[in-house]
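Survey of secondary and tertiary structure
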Amino acid sequence: MTAGRKDQFPRDGKVQIALSGRSNVGKSSLINTLIGRKSFARTSAQPGKTITINFYDVDRHLFLVDLPGYGYAKRTFEEKQKWSALTEGYFTSNKNIDLLCLVVQLIDSRVGPTEDDRNMLAYLSDAGLPHIVVATKVDKLNTTERNQFVNSIRKDPSVNNAGCIILYSSETGAGRNELWDEILAYSKVK
Ligand code: GTP
Ligand code: MG
């Protein structure tokens, strides 16, 4: 189900797990590996193309919600406004907001938290929304770089209220089981 406007959000009572992150961080790839389908969620080398919220129904139990990526430099002013209206609409004027049981905040492990990532994490903390951090593309780091990343992210104040930090790779499947455990625990579907 795709929503380009807030009145298009689904109205049924399934719990929702939202995925948030900058454009190109690997949200769609993560959805595909989570549900074990190659190209269920559309991935692209061209980031930030469409500004929509996509709701993926998983076995009629829950929705994985692919929020539009932020931080894509080439977006026009109108596109940025659309991003804000839609994302804010999802968090603030969404009749089903009480069904949102977890926000998975994705951070590119090669880049680390950007200012936009920190703003998003601060927003989630201030709003009291349960959230965890998933570091993406860890297959691109060697062991030393991975350890450095883990040490620095653990010390980052922006992740203070995150439930946990999971290292994830859509290439190797690393972190997949751990993430499913968290999703099912927060959604109490298990
Ligand atoms: P938008 O929809 O534009 O916001 O991007 P997105 O966050 O959905 O990113 P997407 O999943 O489309 O991935 C962006 C690019 O990163 C693609 O070229 C993917 O193949 C690549 N990518 C995603 N995850 C991984 C990963 O775990 N490892 C590696 N090596 N590449 C990845
Ligand atoms: Mg995507």
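Above this note sits the structure.
Residues numbered from 1 in each chain as written. Chains lettered and ligands numbered in written order. Predicted model: local features only at pLDDT ≥ 70, side-chain atom pairs only at ≥ 80, totals over all residues. Heavy atoms only, no water.

**What about the overall build of the protein chain?**
Secondary structure assignment for the protein chain yields 5 helices and 7 strands. When the helices and strands of the protein chain are read in sequence order from the N terminus, they spell out β-β-α-β-β-α-β-α-β-α-β-α. In summary, the protein chain has a C-alpha radius of gyration of 16 Å against a globular reference of 16 Å for 190 residues, a match within 12%. Based on the C-alpha atoms only, the size of the protein chain along its principal axes is roughly 45 × 40 × 35 Å. Relative to its full complement of 190 residues, the protein chain shows a buried share of 48%. For the protein chain, restricting intrachain contacts to residue pairs at least 6 apart in sequence, the fraction spanning at least 24 positions comes to 71%. (Helix = DSSP H or I, 4+ residues; strand = E, 2+ residues; numbered from the N terminus. Rg over C-alpha atoms; globule rule 2.2 N^0.38 Å. Buried < 20%, exposed > 50% of the residue type's maximum accessible area, 1.4 Å probe, protein only. Contact = heavy atoms within 4.5 Å.)

**Description of the sheet that holds strand β4 (residues 62-66)**
Taking strand neighbours across the sheet as the criterion, the 7 strands line up as β1-β3-β4-β2-β5-β6-β7 in an open arrangement whose pairing is mixed. Of all strands in the sheet, those bounded by a partner on one side alone are β1 (2-3) and β7 (165-167). Sheet strands in contact with helix α4 (residues 143-155) are β5 (100-108), β6 (131-136) and β7, and its direction is about 165 degrees off that of β7. (Pairing = 2+ DSSP bridges. Axes fitted to C-alpha atoms, helices over the stretch in contact; angles between N-to-C directions.)

**Things to note about the side chain of His-131**
Relative to the assigned elements, His-131 resides in strand β6. From its side chain, His-131 meets the backbone oxygen of Leu-129 in a polar contact 2.8 Å long. Non-local contacts of His-131, meaning those with residues more than four positions away in its chain, are made with Leu-102, Val-103, Leu-121, Leu-124, Ser-125, Asn-161, Ala-162 and Gly-163. (Polar contact = N/O pair within 3.5 Å; in protein donor to acceptor, adjacent residues only side chain to side chain.)

**A few points about the nonpolar core**
Within the largest apolar cluster, 23 residues are counted, with the highest numbers of intra-cluster contacts made by Leu-64, Val-104, Leu-179 and Ile-183. The element contributing the most residues to this core is β5, with 4 residues. When sequence neighbours within four positions are dropped, the list of residues in contact with Leu-179 reads Leu-30, Leu-34, Val-104, Ile-132, Val-134, Ile-166 and Tyr-168. One finds Phe-9, Ala-18, Phe-63 and Leu-86 within the second-largest nonpolar core, a separate group that totals 19 residues. (Core = buried A, V, L, I, M, F, W, Y, C linked by side-chain atoms within 4.5 Å.)

**Considerations on the packing of aromatic side chains**
The full count for this structure, using the stated rule, is 7 aromatic pairs. When the centroid spacing of 5.7 Å and the interplanar angle of 85 degrees are considered together, the rings of Phe-9 and Tyr-90 count as edge-to-face. You can see Phe-9 sitting in the loop between β1 and β2 (15-20) and its partner Tyr-90 sitting in helix α2 (residues 77-92), a full 81 residues away along the chain. Assigned by exposure class, Phe-9 and Tyr-90 land together as buried. For the ring pair Tyr-90 and Phe-91, a centre distance of 5.3 Å and an interplane angle of 75 degrees mean the geometry is edge-to-face. Each member of the pair Tyr-90 and Phe-91 is classed as buried. (Phe/Tyr/Trp six-rings, centres within 6.5 Å; stacked < 30°, edge-to-face > 60°.)

**Here's the deal with the pairing of β6**
For β6, the buried fraction is high: 6 of the 6 residues fall into the buried class. Residues His-131, Val-133 and Ala-135 of β6 are buried on one face, and the alternating residues Ile-132, Val-134 and Thr-136, pointing to the opposite face, are buried as well. Two strands pair when backbone bridges link them, and β5 and β6 are joined in this way by 6 bridges, in the parallel orientation. Residue pairing in the sheet places Asp-108 in a bridge with Thr-136 of β6. Inspection of the sheet shows β6 paired to β7 by 3 bridges, in the parallel sense.

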